[in-house]
Amino acid sequence: MPDHVSAFSRSSAVMGMGAAFLAMVTARAYALPPAAPPAFVPSAGAPHVTPVSDPVRLPAPGHDTPDSFADLAARLLPAVVNVSTTEMVRPGEEDDDGDEGDSSPQIPNFPEGSPFEKFFHDFMNRQNSPNAPPRKMQALGSGFIIDPAGIVVTNNHVVRNAEQITVTLQDNTVLKAHLLGHDDRTDLAVLKVDSPKPLPAVPFGDSDHARVGDWVLAIGNPFGLSGTVTAGIISSRGRNIEQGPYDDFIQTDAPINKGNSGGPLFNLHGDVIGINTAIFSPSGGSIGIGFAIPSAEAQGIIEQLRKHGKVSRGWIGVRIQDVTQDIADGLGLKSAHGALIAGVEAKGPAAVAHLQTGDVILTLDGKDIDGRALPRLVAQLPAGSVAHLGILRHDHPMNVTITIGALPEEKTDKADGKPAQKAPATGSMAVAGLGFTVGAIDDIARQKYNMAEGQKGVVVTGVTDDSPAAERGLRNGDVITEVQQTAVNTPAELKHQIDLVRGQHRRTVLFLVQNSDGLRWVPFPLTEAGAHSD
């Protein structure tokens, strides 16, 4: 996919020769050089707008749009703030946000050999030299006040690595802020400012009641333009943009841009139902596809950050994946729903509850779930609480009681895998119709593919181009540990299990595949062809 999903980006401006060059990069906030003046300066002495209690004029019956958003905007603007951060950037340091492409400013195209070309070339070399002094970087984002005592919510990527944080109110009052807590997984942060008087605040609403097509307002600080109000609708719910394990974003077409990060998304009652976090854009500007963290997910995280400075999440210790239609066919399920367990952590809550690889979790505390929702729903449960799972094991429904554990800290060590080898091993067995060959795991295979001493299963020794195996990402060195929830340790056992599934006239067979990324269930379509040895 040529386009990409990016968090609101941190941009840089290079000034020279009377012209401004704005480098649009995929980073995390809108950044300005310390000495550069803003493009637009708010007028001095802007009147302080006091929130009003009158409700917004909602559309009359039969009207498609509100008469105006003016009353609502006037009520909400005082609670939306600009968040400015300062950090020292040393030469050679990369942005932690995983920018794509070259984020460094480009040199204007001057005639070869001209004094201007030499000037800019020498300037950029000095900036990028390892001996260059650290430079101060300023970034701008958005936030909103949720408590008159001075509690401000914003995005974690806005304040990450900041050495100094300031908050600017609508009346241009500047307050120093300190970080109460932040959460990388949901990209949320909570700040505290001290004010001599109570500050205007906005309440959270229930995002679960928001519907596709509902009107919303986004207020923030795009490109440093404070107090910008835009309107749109909720375009979709439950979006997964692969930014983390708990993705459940609200999608909106309300224009939001770089600098809107951390700003609120309001419904027409003036309640915050989302925190603007990311945009989908090929250019870095708004094309009407923005994403906000739902308030239903954010409120619990924010409360923990206020009280403890960190977030504790529930955990059951399983590796899961969605039940697709192919997987459902392989398991003999009537419909494609639930979460298929691809692995169980040793000594984790699931292992203690005797959950097994291949179990399908259908319900959590009586509510239907799928593989994408399960991690988020479990994370919301407090450690030590008891949950009830409805599972399916070998076509038999079961109820399992499990005690929720605390999510461990992320491990930094990654498994080291060998590059895939193209030539199949001697004595391998080809699985006709599926496009791969397998062999027994012996000392030679363990050494060749860097396997652990006690590794069980059969090793993939060759994958045919454009085959079902290649399409499903199977690679040389992958290990098949189970076929149709039955362990296999030799090529003959694998062939036997495939033949049994064919005898049951099923259209799909499931392999449990292990590689450096972990375990996953891979469905393969069945044909009448069988397996044969080389």
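Residues numbered from 1 in each chain as written. Predicted model: local features only at pLDDT ≥ 70, side-chain atom pairs only at ≥ 80, totals over all residues. Heavy atoms only, no water.

Peer 1: Honestly, the overall build of the protein in this entry has me stumped. Any pointers?
Peer 2: Per the secondary structure count, the protein includes ten helices and 32 strands. Out of the 534 residues belonging to the protein, those deemed buried represent 46%. Within the protein, counting contacts between residues at least 6 apart in sequence, those at least 24 apart form 62% of the total. (Helix = DSSP H or I, 4+ residues; strand = E, 2+ residues; numbered from the N terminus. Buried < 20%, exposed > 50% of the residue type's maximum accessible area, 1.4 Å probe, protein only. Contact = heavy atoms within 4.5 Å.)

Peer 1: Explanation requested: the pairing of strand β6 (residues 135-147) in the structure shown.
Peer 2: Successive residues of a regular strand alternate their side chains across the two faces of the sheet. By the bridge criterion, three bridges tie β6 to strand β7 (residues 151-155) in an arrangement that is antiparallel. When the bridges of β7 are listed, Asp147 appears paired with Ile151. The antiparallel hairpin formed by β6 and β7 contains three residues in its connecting segment, where Gly150 sits at a positive phi of about 110 degrees. (Pairing = 2+ DSSP bridges.)

Peer 1: So what exactly am I meant to see when it comes to the nonpolar core here?
Peer 2: Across soluble globular proteins, you tend to see nonpolar side chains buried next to one another. Phe144, Leu188, Val202, Phe266, Ile275 and Ile302 are the most contacted members of the largest nonpolar core, which has 29 residues in total. Only α1 (70-76), β6, β7, β10 (188-193), β11 (215-220), β15 (272-280), β16 (290-294) and α4 (295-308) provide two or more residues apiece to this core. (Core = buried A, V, L, I, M, F, W, Y, C linked by side-chain atoms within 4.5 Å.)

Peer 1: For this particular structure, what's the right way to read the confidence of the model for the protein?
Peer 2: When pLDDT drops low, the exact placement of atoms in the prediction is not to be read closely. Overall, the predicted model of the protein reaches an average pLDDT of 78, with 74% of residues at or above 70. Within the model, the stretch residues 1-53 combines pLDDT values under 50 with 125 contacts to residues more than four positions away or in other chains. Confidence drops under pLDDT 50 across residues 412-426; counting only partners more than four residues distant or on other chains, this segment forms 17 contacts. (pLDDT = per-residue confidence, 0-100.)

Peer 1: Quick question: what am I supposed to make of the packing of aromatic side chains here?
Peer 2: For any two aromatic rings, the description comes down to two numbers: the centre-to-centre distance and the angle of the planes. All told, the structure shown has six aromatic pairs when counted by the stated rule. For the ring pair Phe144 and Phe204, a centre distance of 6.0 Å and an interplane angle of 75 degrees mean the geometry is edge-to-face. Here Phe204 lies in the loop between β10 and β11 and Phe144 lies in strand β6, a separation of 60 residues in the sequence. The class of Phe144 is buried, set by a relative accessible area of 0%. (Phe/Tyr/Trp six-rings, centres within 6.5 Å; stacked < 30°, edge-to-face > 60°.)

Peer 1: In this structure, what is going on with the pairing of strand β20 (residues 360-364)? I would like to understand it.
Peer 2: Where burial is concerned, most of β20 is hidden: five out of the five residues are buried. Pairing of strand β19 (residues 339-344) with β20 involves two bridges; the strand directions are antiparallel. Opposite Ala339, over in β20, you have Ile361 as the bridge partner. Relative to strand β22 (residues 386-393), β20 runs antiparallel, the two sharing four bridges. For Thr363, the partnering residue across the bridge sits in β22 and is Gly390.

Peer 1: What's the story with the pattern of salt bridges in this structure? I'm lost.
Peer 2: Two side chains with opposite charge may pair up if their charged atoms get near one another. With the rule as written, the count across this model stands at ten salt bridges. Salt-bridge contacts for Asp248 lead to Arg376; the nearest nitrogen and oxygen are separated by 3.6 Å. In this pair, Asp248 sits in the loop between β12 (228-239) and β13 (249-252) while Arg376 sits in helix α7 (residues 373-379), placing the two residues 128 residues apart along the sequence. Here Asp248 falls in the buried class, since its relative accessible area comes to 17%. Relative accessible area serves as the criterion here: at 17%, Arg376 is assigned to the buried category. (Salt bridge = Lys/Arg side-chain N within 4 Å of Asp/Glu carboxyl O.)

Peer 1: Quick question: what am I supposed to make of unusual backbone geometry here?
Peer 2: Keep in mind that most residues, glycine aside, have a negative phi and that most peptide bonds are trans. Phi at Asn172 is positive, roughly 75 degrees, even though this residue is not glycine. Note on placement: Asn172 falls in the loop between β8 (164-168) and β9 (174-183). A relative accessible area of 37% means that Asn172 is categorised as partly exposed. Positioned with a positive phi, His354 is a non-glycine residue whose angle comes to about 65 degrees.

Peer 1: How should α4 be read in this particular structure?
Peer 2: For an α-helix, the turn length of 3.6 residues means that residues three or four places apart are oriented alike. For α4, with 14 residues, the first-to-last C-alpha span of 19 Å sits near the 20 Å given by 1.5 Å per residue. Along α4, the positions that sit buried rather than exposed are Ser295, Glu297, Ala298, Ile301, Ile302 and Leu305. End-on view of α4: buried residues confined to an arc of 140 degrees, all on one side of the axis. Among the exposed residues of α4, those oriented more than 90 degrees off its buried face are Lys307 and His308. (Expected span 1.5 Å × (residues − 1). Arc of directions from axis to C-beta.)

Peer 1: Would you take a moment to explain the side chain of Asp329 for this structure?
Peer 2: Along the chain, the position of Asp329 falls in helix α5 (residues 325-331). Residues in contact with Asp329, not counting those within four places in the same chain, are Arg506, Arg507 and Thr508.

Peer 1: Looking at this structure, I do not really get helix α10 (residues 491-503). What am I missing?
Peer 2: In a regular helix each residue adds 1.5 Å, so 13 residues correspond to 18 Å; α10 covers 18 Å between its end C-alpha atoms and thus fits that length. Listing the buried residues of α10 in full gives Pro491, Leu494, Gln497, Ile498, Val501 and Arg502. The arc that holds every buried residue of α10, seen down its axis, measures 145 degrees, which confines them to one face. Exposed residues pointing more than 90 degrees away from the buried face of α10 are listed as Ala492 and Gly503. On the buried face of α10, the contacting elements are β25 (429-431), β26 (436-440), β27 (458-463), β28 (479-483), β29 (486-487) and β30 (508-515).

Peer 1: What should I look at first to understand the environment of Glu297 in this one?
Peer 2: Relative to the helices and strands, Glu297 resides in helix α4. With 80 residues separating them along the chain, Glu297 and Leu377 place their C-alpha atoms 9.6 Å apart. Non-local contacts of Glu297, meaning those with residues more than four positions away in its chain, are made with Thr186, Tyr246, Asp248 and Arg376.

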